[in-house]
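Here's the letter readout for the chains.
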Amino acid sequence: MTALPASIDLLLTEPDAATLEDVEQQKIRAAQAGDMAAFEWLVQHHEERLFGFCCRWLRCTEDAREVCQDMFVRAWQALPEFEGRAKFSRWLYQIALNLCRDRLKSRSSRQREKTIALDDVEDSPLCPQNSPDASAELNSDMQKLERGLAMLPEKLRAALMLTTMEGLSHEECAEVLNCSVRGVEGRLYRARQMLLQWWNEEH
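For clarity, every value in this text was computed on a predicted model and none was experimentally measured.

Scoring rules and cut-offs
Residues numbered from 1 in each chain as written. Predicted model: local features only at pLDDT ≥ 70, side-chain atom pairs only at ≥ 80, totals over all residues. Heavy atoms only, no water. Salt bridge = Lys/Arg side-chain N within 4 Å of Asp/Glu carboxyl O. Helix = DSSP H or I, 4+ residues; strand = E, 2+ residues; numbered from the N terminus. Buried < 20%, exposed > 50% of the residue type's maximum accessible area, 1.4 Å probe, protein only. Contact = heavy atoms within 4.5 Å. Polar contact = N/O pair within 3.5 Å; in protein donor to acceptor, adjacent residues only side chain to side chain.

Peer 1: Just give me the short version of the pattern of salt bridges, but keep the residues and values in it.
Peer 2: The full count for this structure, using the stated rule, is nine salt bridges. Residue R59 pairs with E146 through a salt bridge whose shortest N-O separation is 3.9 Å. Remark: E146 occurs in helix α5 (residues 136–151) and R59 occurs in the loop between α2 (36–58) and α3 (61–78); sequence separation between them is 87 residues. A salt bridge links R103 to D63; its shortest N-O distance comes to 3.0 Å. Here the residue R103 occupies a position in helix α4 (residues 88–110), and D63 occupies one in helix α3, the gap between them amounting to 40 residues. The buried category is assigned to D63, whose relative accessible area is 9%. Through salt bridges that share partners, D63, E66 and R103 make up one connected network.

Peer 1: Describe the environment of E172, naming the residues involved and giving the relevant values.
Peer 2: Summarising the element assignment, E172 is placed in helix α7 (residues 170–177). Between the alpha carbons of E172 and L162 there is a distance of 8.9 Å; along the sequence they are 10 residues apart. Leaving out residues up to four positions away in the same chain, E172 has contacts with K87, R90 and G167. Reaching out from E172, the side chain makes a polar contact with the side chain of R90 at a distance of 3.3 Å.

Written out as structure tokens, the structure reads:
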């Protein structure tokens with residue numbers, strides 16, 4: 001009996017979490033061997049979450065789309081070196097975070113004379129999660145939250161976003177940020193204190 005190529009799904013039904021993880025490992029090994037279809041499966045499986053992360057970090061849909069595409073190109077190029085000691089998703093977050101940081105620095109240097117005041121940020125392109133039924137008050141609170149996140153120091157913002165918005169555990173976040181779990185906890189505490197103080201003072 002001839003074995004199916006790794007790029008073809010082994011099951012016709014939706015896999016449970018454990019099976020999905022096994023399938024992902026098969027796709028990774030196949031992609032490392034040059035199977036582009038297997039890598040496309042990985043992209044489809046992770047693209048939405050990573051694009052959302054890039055949107056929230058960069059606060060610009062166009063930049064986020066470009067960074068997300070660049071991230072998967074980098075991932076494909078570096079995939080043979082991926083050893084699997086960390087989860088594949090955490091590895092992607094590391095690449096995405098580094099690219100987002102680089103994009104912000106580049107954008108800042110290009111637009112140094114066109115700095116946008118925090119009060120004007122509402123007019124900037126946001127991650128496309130529009131709801132036609134959302135109330136004006138909720139919309140205002142979301143914009144205020146985005147401004148608050150933007151004012152946090154980068155290290156604090158990364159820890160807060162990865163844990164609260166991306167759902168990573170403290171251990172997973174520590175791997176992405178290359179710091180200790182206690183370091184993550186300290187950053188989260190400071191981030192929440194700064195955000196709370198800013199929220200109460202901002203009108």
